Amino acid sequence: PQGFTITVNPAVVAPAIAVTYPTLGTLCAGATVNLTVTPTGTFNGGNAFTAQLSDAAGSFASPTSLGAVVAGNNPVTIPDGTAAGSGYRLRVVSSNPAAVSNQSDAFAVSKPAPVIAAGGPTTFCAGGSVSLSTGSFSSYVWKNGDVLVGTTASYPATASGSYTVTVTDANGCTATSAPTVVTVNPAPVASIAAGGPTTFCAGGSVSLSTGSFSSYV
C-alpha cells in the first residue's frame, strides 16, 4: 500500500493585545497608572506598543500618547497638562500589525485651578493691606516668594512681594496659582521749613513750606 504524510499546521492566532487596568476612579493630573500588557499572536519585527489616553469624552480620535510599553507591567503617567474631566479612558495600540487593546473603564482627572482675587488695589502705602483670596479647596499654602505666610482661604498682604497660593482639592490633587504682585510704597515724610523767624509781631508773617508732593492739607 502507498503511504501518505499528513501535516497539520497550527492554527494561526491573530495578533491581539489584552490590558489589565487597576481601579482608576479619580486621578490627579500627573498621576502614575500601572498597566499590565499581554500580547498574543505574532507581531512583526519593529512592532511597538504605545499607551494612549483619550479625550475627556472618551474619544480616541486624537489620542494623547503616554509612551512606549512592553509586555508585562508598565507605569504610565497622566500628563500634568491634562484638563479636568470625567470621561477619560486608556488603551494600548501596536504598530506592526496595527491592533487595539481593550479600553479601561472611564475615569476622572482632577486638576484644581486656583486663581488669586485681590480685594482692592495691589499698590498702596505702608500701613495699608490688600486681601488676597481664592476659591474653595481643602487646604491652602500662601507664599510670598519662597516664604510661607498663610494657610487659610484668604491672606491679608501687607508687604511687597510676589504672592502665590498652592491648593489641595478633595481628591488630594494640588496646583499652584499664577503669582500676584503686591507693591507697598513707603509713606511720605513731611517736614515744615520756615522762611523766616516764627516769632514776630502782629501784622507780620512767615512762609511755611514743605517738599514736593501730590496734595497738601
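Above this text you will find the structure in question.
Definitions and cut-offs
Residues numbered from 1 in each chain as written. Predicted model: local features only at pLDDT ≥ 70, side-chain atom pairs only at ≥ 80, totals over all residues. Heavy atoms only, no water. Disulfide = S-S within 2.5 Å. Helix = DSSP H or I, 4+ residues; strand = E, 2+ residues; numbered from the N terminus. Pairing = 2+ DSSP bridges. Axes fitted to C-alpha atoms, helices over the stretch in contact; angles between N-to-C directions. Core = buried A, V, L, I, M, F, W, Y, C linked by side-chain atoms within 4.5 Å. Buried < 20%, exposed > 50% of the residue type's maximum accessible area, 1.4 Å probe, protein only. Contact = heavy atoms within 4.5 Å.

(A) Representation of the state of the cysteines. Inspection of the entire model under this criterion finds one disulfide. For C28, the disulfide goes to C173, at an S-S distance of 2.0 Å. In this structure the cystine formed by C28 and C173 twists about its S-S bond by roughly -90°; its chirality is therefore left-handed. Here C173 lies in the loop between β17 (161–168) and β18 (174–176) and C28 lies in strand β2 (residues 26–28), a separation of 145 residues in the sequence.

(B) The sheet that holds strand β8 (residues 90–95), seen in detail. Pairing is antiparallel in the open sheet, where four strands are placed in the order β5-β4-β8-β9. Bordering the open sheet on either side are β5 (64–69) and β9 (98–100), each of which pairs with just one other strand. With direction set aside, neighbouring strand axes in the sheet form an average angle of 25°. Pairing between β8 and β9: three bridges, direction antiparallel. Residue S95 lies in a different strand from β9, and its bridge partner there is A98.

(C) Representation of the nonpolar core. Among the nonpolar cores identified, the biggest contains 23 residues, and I17, V33, L35, I78, L90, V92 and F107 are the most heavily contacted of them. The set of elements that each furnish at least two residues to this core consists of β1 (16–20), β3 (32–40), β4 (49–53), β5, β8 and β10 (107–110). Grouped together as the second largest cluster of nonpolar side chains are 13 residues, L132, W142, A157 and V165 included.

(D) Just the environment of N185, in detail. Mapping N185 onto the fold places it in strand β19 (residues 180–185). Along the chain, N185 and A159 lie 26 residues apart, while their C-alpha atoms are 9.4 Å from each other. Not counting residues within four places of it along the chain, the set of residues in contact with N185 comprises T123, F124, C125 and A126.

(E) Representation of the pairing of strand β15 (residues 147–150) in the model. Pairing of strand β14 (residues 139–144) with β15, which is carried by three bridges, proceeds in the antiparallel orientation. In the sheet register, W142 faces β15, and the bridge partner there is G150. The hairpin formed by β14 and β15 contains two residues between the paired strands, and G145 there has a positive phi angle of roughly 65°.

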